[in-house]
Amino acid sequence: CLQSGWNKDQMIDSSFVTGMETSSTVRKNAILLLSSLILQDYIKWRGLLIHRFMVACSDHDESVSKLAETTLCGPLLSKQPNLFFNNFVESLFVLNGCTAHPIYTAAAVSGD
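Residues numbered from 1 in each chain as written. Predicted model: local features only at pLDDT ≥ 70, side-chain atom pairs only at ≥ 80, totals over all residues. Heavy atoms only, no water.

Peer 1: Just give me the short version of a nonpolar patch on the surface, but keep the residues and values in it.
Peer 2: Taken together, the side chains of Phe88, Val89 and Leu92 define a hydrophobic patch exposed on the protein surface, amounting to about 290 Å² of accessible area. Counting through the fold element by element, leucine 92 comes out in helix α7 (residues 88-95). Given the relative accessible area of 42%, leucine 92 is considered partly exposed. (Patch = residues over 30% accessible without salt bridge, like charges linked within 9 Å, V, L, I, M, F, W, Y side chains within 5 Å. Areas by Shrake-Rupley, 256 points an atom, 1.4 Å probe, with all protein chains shown as cover. Salt bridge = Lys/Arg side-chain N within 4 Å of Asp/Glu carboxyl O. Helix = DSSP H or I, 4+ residues; strand = E, 2+ residues; numbered from the N terminus. Buried < 20%, exposed > 50% of the residue type's maximum accessible area, 1.4 Å probe, protein only.)

Next comes the structure, spelled out in structure tokens:
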């Protein structure tokens, strides 16, 4: 999988959202898998991926939310220390659902 030439960036966001709509085991595995791929520089923080991780931090299942918080604030933040700083304003628009604003549109299409 790591050496194939398929266009991974277009499928990451949709697969993450699909995974978040299923069981807690699938959601935890999606968080672990995507965290591992980000840490290995196989995928980048593009599009709405960081915001999906932030939403996972408030998951109704406490084990999922703790896992998302631990990975986001632990190894992923260590790898990119300015992660929250660089995405703060964009996160305000995206997490509040302000889809009419150009910042949301830019975040949504930046992963394509």
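Picking up where we left off.
Peer 1: Just give me the short version of the environment of glutamate 69, but keep the residues and values in it.
Peer 2: Within the secondary structure, glutamate 69 sits in helix α4 (residues 62-73). Judged by its relative accessible area of 38%, glutamate 69 falls in the partly exposed class. Along the chain, glutamate 69 and cysteine 57 lie 12 residues apart, while their C-alpha atoms are 5.3 Å from each other. Discounting chain neighbours no more than four positions away, the residues touching glutamate 69 are Cys57 and Gly74. (Contact = heavy atoms within 4.5 Å.)

Peer 1: Help me get a handle on the packing of aromatic side chains, residues and values and all.
Peer 2: Applying the stated rule across the entire model yields one aromatic pair. On the basis of an interplanar angle of 75° and a centroid distance of 5.3 Å, the ring pair of tryptophan 45 and phenylalanine 53 is categorised as edge-to-face. (Phe/Tyr/Trp six-rings, centres within 6.5 Å; stacked < 30°, edge-to-face > 60°.)

Peer 1: Requested: an account of the pattern of salt bridges, with residues and values cited.
Peer 2: When charged atoms on two side chains of opposite charge get close, those side chains can pair. On inspection of all chains with the given rule, the structure shows three salt bridges. With a shortest N-O distance of 3.0 Å, aspartate 59 and arginine 27 are connected by a salt bridge. With aspartate 59 in the loop between α3 (49-56) and α4 and arginine 27 in helix α2 (residues 24-39), this residue pair connects regions lying 32 residues apart in the sequence. By relative accessible area, which is 15% here, aspartate 59 ends up buried. The closest approach of N and O atoms between lysine 44 and aspartate 41, which form a salt bridge, is 3.7 Å. Owing to a relative accessible area of 40%, lysine 44 belongs among the partly exposed residues under this scheme. Each of the salt bridges in this network shares a partner with another, and the network as a whole consists of Asp41, Lys44 and Lys79.

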